[in-house]
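Coordinate analysis (summary)
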Amino acid sequence: MNRIINNSLSNSLCFCTRLFILLIILFSGHCVSGEHTPSFAAFGEISFSEGVTEESVPIRPVLEYEPGTIKICAVFPFMNMEDGMPVEIEWLYNDEWFYSTDEEWDEGEEGITHRSISWENDRELDPGIYTLRLFINGQLARSADVEVLAPSGEETQKPARNLEDLIDPDLMRAWEILAYADNDLLNDLAMLVPDYGIELRLTDDMTSNGQYVYVSGKKEPGKVYISWDFSEKTCWEDVSATIAHELTHAVQHLTSDEGKFGCTVEREYEAYMAKFYALMETGRTDILIDSWSGVYNPRTGKIWKNELWKALKEAYASCPEY
């Protein structure tokens, strides 16, 4: 008999220098709530993806799911929560009850988390509209719909692109670190380059270490620029981590509603986590210890995700949380 599995795990485009973020992380105390932050317990906007990491970073964000999907992953921020609060996670299918769980909240006051749903035996999800509804203390706090498409019978072929035409020769090694890492998120970010035609270029005309540049209002692939000066002063792993950060902004742009796209704490959280994954996967935890000790636990090899959220909320105070 098939059973539904609902996985429950606890647990952007402003550009600031590493020094600024480091100072915030090391010396900031409690975060100061901005004008966008509600004073009541709440969940932020729900986004969907094909997969998700332990730290609630989406892998392959989607606006809709392709036919044959076996799992729906939902990522959402939370704020002003209290451990022990009753929370209900409810899924609907075509406006009919599909699955639900009652939980006692245990993920802290603020941060980001995720939930997912699938059949126990990896059966394909039926085409239709799936709705996630989040309740706090019995009150509906947030909901969102996503569609699993029905088969169309037509297959679209992706255009073949030459990596040598897209990637600066001096950045190829940094891209390959992502492409061959033992990490699904990093692999997916690397494949954005040939899949979408995103260019990776070195430049002298930039004060930051890296930047994703795109044309506002158009779903064009854009370019990731890396500073020559930065690339010459640091190691390959650090350059690769910076590319992962900027490619995260690229996928956010390409898979978002253009009218809502801009700087958010959630988008910066995803980008910095991609950077940290790259450093951890390449064994450069020394960089994390030296520069990000406020959010990295060397004993467990994990990122304190809620501490990172708080630090970024302070650093990007002018940006909404989601």
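This write-up is about the structure you can find in this document. (Residues numbered from 1 in each chain as written. Predicted model: local features only at pLDDT ≥ 70, side-chain atom pairs only at ≥ 80, totals over all residues. Heavy atoms only, no water.)

1. Brief notes about the overall build of the protein chain
- For the protein chain, the count of helices and strands is nine helices and 15 strands.
- For the protein chain, the exposed surface amounts to about 15600 Å²; the carbon and sulfur share of it is 46%. (Helix = DSSP H or I, 4+ residues; strand = E, 2+ residues; numbered from the N terminus. Areas by Shrake-Rupley, 256 points an atom, 1.4 Å probe, with all protein chains shown as cover.)

2. Let's talk about the side chain of Asp168
- Turning to its location among the elements, Asp168 is positioned in the loop between helix H2 (163-166) and helix H3 (172-179).
- Among buried Asp, Glu, Lys and Arg side chains, Asp168 stands out as unpaired, with Arg201 the closest opposite charge at 5.2 Å.
- Every residue in contact with Asp168, bar those within four places of it in the chain, is listed here: Leu200, Arg201 and Leu202. (Buried < 20%, exposed > 50% of the residue type's maximum accessible area, 1.4 Å probe, protein only. Lys, Arg positive; Asp, Glu negative; His and termini not counted. Salt bridge = Lys/Arg side-chain N within 4 Å of Asp/Glu carboxyl O. Contact = heavy atoms within 4.5 Å.)

3. Notes on the packing of aromatic side chains
- Under the defined criterion, the tally for this structure stands at 12 aromatic pairs.
- Aromatic side chains Phe98 and Tyr130 sit 5.8 Å apart centroid to centroid with 75 degrees between the ring planes, which places their arrangement in the edge-to-face category. Placement of Phe98 in strand E7 (residues 96-104) and of Tyr130 in strand E9 (residues 128-136) is noted, with a sequence separation of 32 residues between them.
- Look at Phe98 and you get buried, because its relative accessible area is 16%.
- Judged by relative accessible area, which is 1%, Tyr130 ranks as buried.
- Among the aromatic side chains, those forming a connected cluster through ring pairs are Phe43, Phe76, Phe78 and Trp105.
- Stacked on the ring of Trp119, the Lys or Arg Arg123 has its end atom at 3.9 Å from the ring centre. (Phe/Tyr/Trp six-rings, centres within 6.5 Å; stacked < 30°, edge-to-face > 60°. Lys NZ or Arg CZ within 6 Å of the ring centre and 35° of its normal.)

4. Things to note about the packing of H3 against helix H4 (residues 184-197)
- Where H3 contacts H4, the two axes come as close as 7 Å, and the packing angle between them is 130 degrees. Overall, the two elements H3 and H4 adopt an arrangement that is oblique. Contacts from Trp175, Leu178 and Ala179 of H3 reach H4 at Leu186, Asn187, Ala190, Met191, Val193 and Pro194.
- Among the residues making up the contact of H3 with H4, the classes are represented as eight nonpolar, one polar and no charged. (Axes fitted to C-alpha atoms, helices over the stretch in contact; angles between N-to-C directions. Parallel < 35°, antiparallel > 145°, perpendicular 65-115°, else oblique. Nonpolar A, V, L, I, M, F, W, Y, C, P; charged D, E, K, R; others polar.)

5. Some remarks on the nonpolar core
- Core analysis: the largest hydrophobic core is formed by 57 residues, its most contacted members being Leu189, Leu200, Ile243, Leu247 and Phe276.
- Put simply, the parts of the chain that give this core at least two residues each are H3, H4, strand E11 (199-203), strand E13 (223-227), helix H6 (236-254), helix H7 (265-281), helix H8 (285-291) and helix H9 (305-315).
- At nine residues, H7 tops the list of elements feeding residues into this core.
- Ignoring anything within four residues of it in the chain, the contact list for Phe276 reads Leu288, Trp292, Val295, Ile303 and Leu308.
- Counting 26 residues, the second largest nonpolar core, distinct from the first, contains Val62, Tyr65, Phe78 and Trp105. (Core = buried A, V, L, I, M, F, W, Y, C linked by side-chain atoms within 4.5 Å.)

6. Brief notes about the pairing of strand E12 (residues 210-213)
- Because side chains alternate across E12, one face comprises the buried residues Gly210 and Tyr212, and the other comprises Gln211 and Val213, none of which is buried.
- Bridge count between E12 and E13: four bridges; the pairing is antiparallel. Residue pairing in the sheet places Tyr212 in a bridge with Val224 of E13. (Pairing = 2+ DSSP bridges.)

7. Observations concerning H3
- Counting buried positions along H3 yields six of eight residues, so the element is predominantly enclosed.
- Of all the residues in H3, the buried ones are Met172, Ala174, Trp175, Ile177, Leu178 and Ala179.
- As for H3, its buried residues are in contact with H2, H4, E11, H6 and H7.

8. Quick notes on the sheet that holds E11
- Pairing within the open sheet is mixed, and its three strands lie in the order E11-E13-E12. Of all the strands in the sheet, just E11 and E12 have a single pairing partner and so form its edges. Going across the sheet, the axis of each strand differs from the next one's by a mean of 25 degrees, ignoring polarity.
- Alignment of E11 against E13, held across five bridges, turns out to be parallel. Paired with Thr203 across the two strands is Ser227, which belongs to E13.
- In this fold H6 packs onto E11, E12 and E13, with an angle of close to 20 degrees to the strand it touches most, E12.

9. What to know about a negative patch on the surface
- On the surface, a cluster of negative charge is made up of Glu82, Asp83, Glu104, Asp106 and Glu109.
- Topologically, Glu104 is positioned in strand E7. (Patch = residues over 30% accessible without salt bridge, like charges linked within 9 Å, V, L, I, M, F, W, Y side chains within 5 Å. Charge placed at Lys NZ, Arg CZ, Asp CG, Glu CD.)

10. Topic: the state of the cysteines
- As enumerated under the stated definition, the model contains one disulfide in all.
- Put simply, Cys263 and Cys319 are joined by a disulfide, and their sulfur atoms are 1.8 Å apart. The chirality of the disulfide connecting Cys263 with Cys319 is right-handed, given an S-S dihedral of about 100 degrees. Within this pair, whereas Cys263 is found in the loop between H6 and H7, its partner Cys319 is found in the segment after H9, the two being separated by 56 residues in sequence.
- Owing to a relative accessible area of 16%, Cys263 belongs among the buried residues under this scheme.
- We classify Cys319 as buried; its relative accessible area is 8%. (Disulfide = S-S within 2.5 Å.)

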